[in-house]
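# An overview of the molecular structure
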Amino acid sequence: MASMLNFYGRVVLVTGAGGGLGRTYALAFAERGASVVVNDLGGDMKGVGKGSLAADKVVEEIRRKGGKAVANYDSVEAGEKIVKAALDAFGRIDVVVNNAGILRDRSFSRISDEDWDMIQRVHLRGSFMVTRAAWDHMKKQNFGRIIMTSSAAGIYGNFGQANYSAAKLGLLGLSNSLAVEGKKNNIHCNTVAPVAGSRMTQGFLPEDLIEALKPEYVAPLVLWLCHESCEENGSVFEVGAGWIGKLRWERTLGALVRQKNQPMTPEAVKANWTKICDFDNATKPQRIQDSVSTVIEALSKIDSSDGGISANNLSHATSAAPSGLVEAVGYKFPPFSSSYTEVDTIMYAFGVGASIKEPKDLKFIYEGNSDFSCLPTFGVILAQKSLGGGGLAEIPGLSVNFTKVLHGEHYLELYKPLPNAGDLKCEAVVADVLDKRSGLVILIDVYSYSGKELICYNQFSVFVMGSGGFGGKRTSDKDKVAVAIPNRPPDAILTDTTSLNQAALYRLSGDWNPLHIDPDFASLAGFDRPILHGLCTFGFSARHVLQQYADRDVLRFKAIKVRFAKPVYPGQTLQTEMWKEGNRIHFQTKVQETGDTVISNAYVDLVPTSDTLAKIPSEGGDLQSNLVFEEIGRRLQDIGQEMVKKVNAVFEWHITKGEKIAAKWTIDLKNGAGKVYQGPAKGSADATFILSDEVFMEVVLGKLDPQKAFFSGRLKARGNIMLSQKLQMILKDYAKI
């Protein structure tokens, strides 16, 4: 036998608890250990009058049975006072049952303003006021259970009850929204539509039927929905006479009425009416996302169909492109700077999943690593300032609704490896505006320069839903087109599980959109919780390609193009599927848990190995430090054995030029008679020094103290850096130039 559900330690507030359903709820909760606030204004069925007798009688009944209860006589419009009564008496509030109600039935033509307003004030506004007063207390304690009371009249409509029906269905909408907002704080909100005998049904139902519809046959459902072990949330139930049924929405598959090369007209709606209303194979939408996704899917079908699709125009006239469109194309945003440090590149690497769990990732997250590198996709961070601060709103000739803006596609190309730190100047321009009929596409090109040298190029493809159909062109020769993946199983698959904090971490790189951190904002946008940045998934995917096909060599990265398909939630696992075709790696990214494709039609272009080598300054090129190492090598031929006895260490040098390693040298004063040679140490080095050719020469010539160079960050060292004291003697005595 199942254990008995109890409410010990819980405080329950029931409005309209002086009789009928409310009284039954209050008694049932008290019987199972709850402390109960019995609220009742004491008025009549029409909401006229007030008194304390009804609430007092119920409280006395509860106390007589050994329960705990207090009375409250305030109107539900004074929600703060009612909740304060619970807090004053019992110190908390756990459950709110919005049950209070009145009737003022009239046929629609006879409803007075007062009849309408009184019903809304008691049912809808009253439930809002009481629930709002309890809401923050429930959030702080991370627990709450709320019941809204609807009715069959609200769900289906009823003659003479337009005012009552409107309020009762309004309560269902209120309940559904609270269920979404409260979920993260363990606050559940459900709706009941009871059929029960009460003073509100007297005169409408026969006495024998009223007896069969006892409130006692409704209360068990309410108690279960309010119990801490019940996970039901955002649902509506009809209940009566011992029967309980759950309701849900049902929707036809519908029909796509906009047809190729034809305007959307009332005649087209008529022609499709049977299909629009056909409930065979109907769907069961549950969330606002189910509504939005269906419309987006329809837009996608329209957009991908061959030929032109007309605008939503009730006449047969063709709409012309707005005159401002000409002004928008070619618009140049104000130039801006993107300054960053090694800390920024490391933070970005963590944001896109680089980890100390992967030893080879150390080159992206440790500035002292001999091959410390900036991830190529950091280039998007440099460029995105053009879209921040309302930049899109400044484009002349276009009116952009930011609630309908999506980042549709993205292209990034590097002309030079990104410096590990730098100050780049960026120029952004509207390359083109396209009419996709289902929406407007704005192509924005961003060029990033170091001095006069072009370092990288981004193209943002911004999709504005519902703004198309103005008669503009659908394609552009300036668009970096996405490419379909090969029709065969992938050649390689890599996965990474994102952290629950992934979006919170990635946003520190500069994308401050609250959609990715604020649950309330995400809910307003139609998501259960904050979503991951599309460009974060972009970074994960590019890192997978570099790992699989380039051994994480950033010099081999040339370009990447992606199409964003669906959102990702932090904590989900990203699965990158890859196909190699020459130096182009096609890929798509999925959420492993759902199978949804979140990045599609994507590719990374890699630089051939021979071209990569050409980017690196040749060992022995025009580096002054080469002359020093060669001279040290010659001097060691005479006194090498003596130095090995004094020093007993191997030193590795990484000489940089333009932020990249240009040469590696090893001074071996540990083995044999000592040796100097180009390249990394043959074995392990006791100390490694990373510095530029210029700084090396300043140190050797005595113009820069090595300690000052180290503490200023111009010289980096790892390993046993105390050995540098012995090395300083060698440089001073033997580096004759």
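Anything mentioned here points back to the structure above.
The paragraphs below set out a description of the structure included in this document. (Residues numbered from 1 in each chain as written. Predicted model: local features only at pLDDT ≥ 70, side-chain atom pairs only at ≥ 80, totals over all residues. Heavy atoms only, no water.)

Another point: the pairing of strand E1 (residues 11–14). On E1, burial covers both faces: Val-11 and Leu-13 on one face and Val-12 and Val-14 on the other are all buried. Looking at chain direction, E1 and strand E4 (residues 95–98) are connected through 3 bridges and run parallel. Across the sheet, residue Val-14 finds its bridge partner in E4, namely Val-97. (Buried < 20%, exposed > 50% of the residue type's maximum accessible area, 1.4 Å probe, protein only. Helix = DSSP H or I, 4+ residues; strand = E, 2+ residues; numbered from the N terminus. Pairing = 2+ DSSP bridges.)

This part covers unusual backbone geometry. Unlike most non-glycine residues, Asn-186 shows phi in positive territory, near 60°. Tracing the sequence through the fold places Asn-186 in the loop between helix H6 (162–182) and strand E6 (187–194). A relative accessible area of 25% places Asn-186 in the partly exposed class. Residues other than glycine seldom take positive phi values, yet Ala-241 does so here, at roughly 60°. Mapped onto the secondary structure, Ala-241 falls in the loop between strand E7 (236–240) and strand E8 (243–247).

As a general point, the strands of a sheet are linked pairwise by backbone hydrogen bonds and lie either parallel or antiparallel. Strands sit in the order E3-E2-E1-E4-E5-E6-E7-E8 across an open sheet of 8 strands; the sheet is mixed. Edge strands, defined here as strands with exactly one partner in the open sheet, are strand E3 (68–72) and E8. For this sheet, the mean inter-axis angle between neighbouring strands, taken without regard to orientation, is 20°. Note: E1 against strand E2 (residues 35–39), 4 bridges, orientation parallel. If you follow Val-14 over to E2, its bridge partner there is Val-38. Strands E1, E2 and E3 of the sheet are contacted by helix H3 (residues 79–90), whose axis makes an angle of about 150° with E3. (Axes fitted to C-alpha atoms, helices over the stretch in contact; angles between N-to-C directions. Contact = heavy atoms within 4.5 Å.)

For the pair helix H1 (residues 20–31) and helix H2 (residues 53–64), the least separation of the axes is 10 Å and the interaxial angle reads 25°. In terms of orientation, H1 and H2 fall into the roughly parallel class. Relative to H2, H1 is oriented so that their crossing is right-handed. Judged by residue contacts, Arg-23, Ala-26, Leu-27 and Ala-30 of H1 engage Val-58, Glu-61 and Ile-62 from H2. Grouping the constituent residues of the contact of H1 with H2 by class yields 5 nonpolar, no polar and 2 charged. (Parallel < 35°, antiparallel > 145°, perpendicular 65-115°, else oblique. Left-handed = near helix turned anticlockwise from the far one by under 90°. Nonpolar A, V, L, I, M, F, W, Y, C, P; charged D, E, K, R; others polar.)

This part takes up the pattern of salt bridges. Here the structure, examined in full by the defined rule, presents 34 salt bridges. Among the salt bridges present, the one from Arg-125 reaches Glu-77, with a minimum N-O distance of 3.2 Å. Taken as a pair, Arg-125 in helix H4 (residues 113–141) and Glu-77 in the loop between E3 and H3 lie far apart in primary sequence, 48 residues in all. Its relative accessible area of 39% is what places Arg-125 among the partly exposed residues. Overall, the relative accessible area of 23% leaves Glu-77 in the partly exposed class. Asp-551 is the partner of Lys-360 in a salt bridge, and the nearest nitrogen-oxygen pair spans 3.2 Å. Placement of Lys-360 in the loop between helix H13 (342–351) and helix H14 (362–365) and of Asp-551 in the loop between helix H18 (534–549) and strand E15 (557–564) is noted, with a sequence separation of 191 residues between them. Among the residues examined, Lys-360 registers a relative accessible area of 48% and is labelled partly exposed. (Salt bridge = Lys/Arg side-chain N within 4 Å of Asp/Glu carboxyl O.)

One turn of an α-helix holds 3.6 residues; hence residues three or four places apart share an orientation. Within H13, the full set of buried residues consists of Thr-345, Ile-346, Tyr-348, Ala-349 and Gly-351. Elements that come into contact with the buried residues of H13 comprise strand E9 (336–340), H14, helix H15 (379–383), helix H16 (502–506) and H18. Remark: Gly-353 follows H13 within two positions and exhibits a positive phi of approximately 100°.

Here we take up the packing of helix H20 (residues 624–647) against helix H21 (residues 693–700). Two numbers describe how H20 lies on H21: the axes approach to 8 Å, and their chain directions differ by 50°. By the angle between their axes, H20 is oblique relative to H21. Judged by residue contacts, Gln-624, Ser-625, Val-628 and Phe-629 of H20 engage Asp-693, Phe-696, Met-697 and Val-700 from H21. Grouping the amino acids of the contact of H20 with H21 by side-chain chemistry returns 5 nonpolar, 2 polar and 1 charged.

In this section: a nonpolar patch on the surface. A cluster of nonpolar side chains, namely Phe-710, Phe-711, Ile-721 and Met-722, defines an oily patch on the protein surface of about 430 Å² accessible area. Looking at the element boundaries, Phe-710 is found in helix H22 (residues 706–711). (Patch = residues over 30% accessible without salt bridge, like charges linked within 9 Å, V, L, I, M, F, W, Y side chains within 5 Å. Areas by Shrake-Rupley, 256 points an atom, 1.4 Å probe, with all protein chains shown as cover.)

Our focus in this paragraph is the packing of aromatic side chains. With the rule as written, the count across this model stands at 13 aromatic pairs. For the pair Phe-651 and Phe-689, a centre-to-centre distance of 6.3 Å together with 25° between the ring planes defines the contact as stacked. Of this pair, Phe-651 sits in strand E19 (residues 649–657) while Phe-689 is found in strand E22 (residues 687–692), placing the two residues 38 residues apart along the sequence. For Phe-651, a relative accessible area of 0% gives the class buried. Feature note: the residues Phe-629, Phe-651, Trp-653, Trp-665, Phe-689 and Phe-696 constitute an aromatic cluster, connected by ring pairs. The lysine or arginine in question, Arg-10, covers the ring of Phe-143, its NZ or CZ lying 3.8 Å from the ring centre. In this structure, Lys-682 packs its charged tip against the face of Tyr-677, placed 4.6 Å from the ring centre. (Phe/Tyr/Trp six-rings, centres within 6.5 Å; stacked < 30°, edge-to-face > 60°. Lys NZ or Arg CZ within 6 Å of the ring centre and 35° of its normal.)

Grouped together as the largest cluster of nonpolar side chains are 51 residues, with contacts concentrated most on Leu-418, Ile-560 and Phe-587. With 8 residues, H18 is the largest single contributor of residues to this core. Grouped together as the second largest cluster of nonpolar side chains are 33 residues, Ala-17, Val-95, Leu-221 and Leu-223 included. (Core = buried A, V, L, I, M, F, W, Y, C linked by side-chain atoms within 4.5 Å.)

Attention now moves to the environment of Phe-90. Mapped onto the elements, Phe-90 comes out in helix H3. Counting along the chain gives 80 residues from Phe-90 to Arg-10, while the straight-line C-alpha distance between them is 9.2 Å. Ignoring anything within four residues of it in the chain, the contact list for Phe-90 reads Val-11, Ser-35, Val-36, Val-37, Lys-68, Ala-69 and Val-70.

Turning our eyes to something else, we now look at the sheet that holds E19. Taken in spatial order, the 5 strands line up as E21-E20-E19-E22-E23 in an open sheet, and their pairing is mixed. The sheet is open, and its two borders are formed by strand E21 (675–678) and strand E23 (715–719), each paired with just one other strand. Strand-to-strand, the axes of this sheet are offset by a mean angle of 20°, without reference to chain direction. Both E22 and E23 contribute to a ladder of 5 bridges, which runs antiparallel. By the bridge assignment for E23, Leu-691 is matched with Leu-715.

Inspection of the secondary structure puts Asp-520 in helix H17 (residues 519–524). Taking the relative accessible area as the measure of exposure, Asp-520 reaches 35% and is therefore partly exposed. Side-chain polar atoms of Asp-520 contact the side chain of Lys-184, separated by 3.0 Å. (Polar contact = N/O pair within 3.5 Å; in protein donor to acceptor, adjacent residues only side chain to side chain.)

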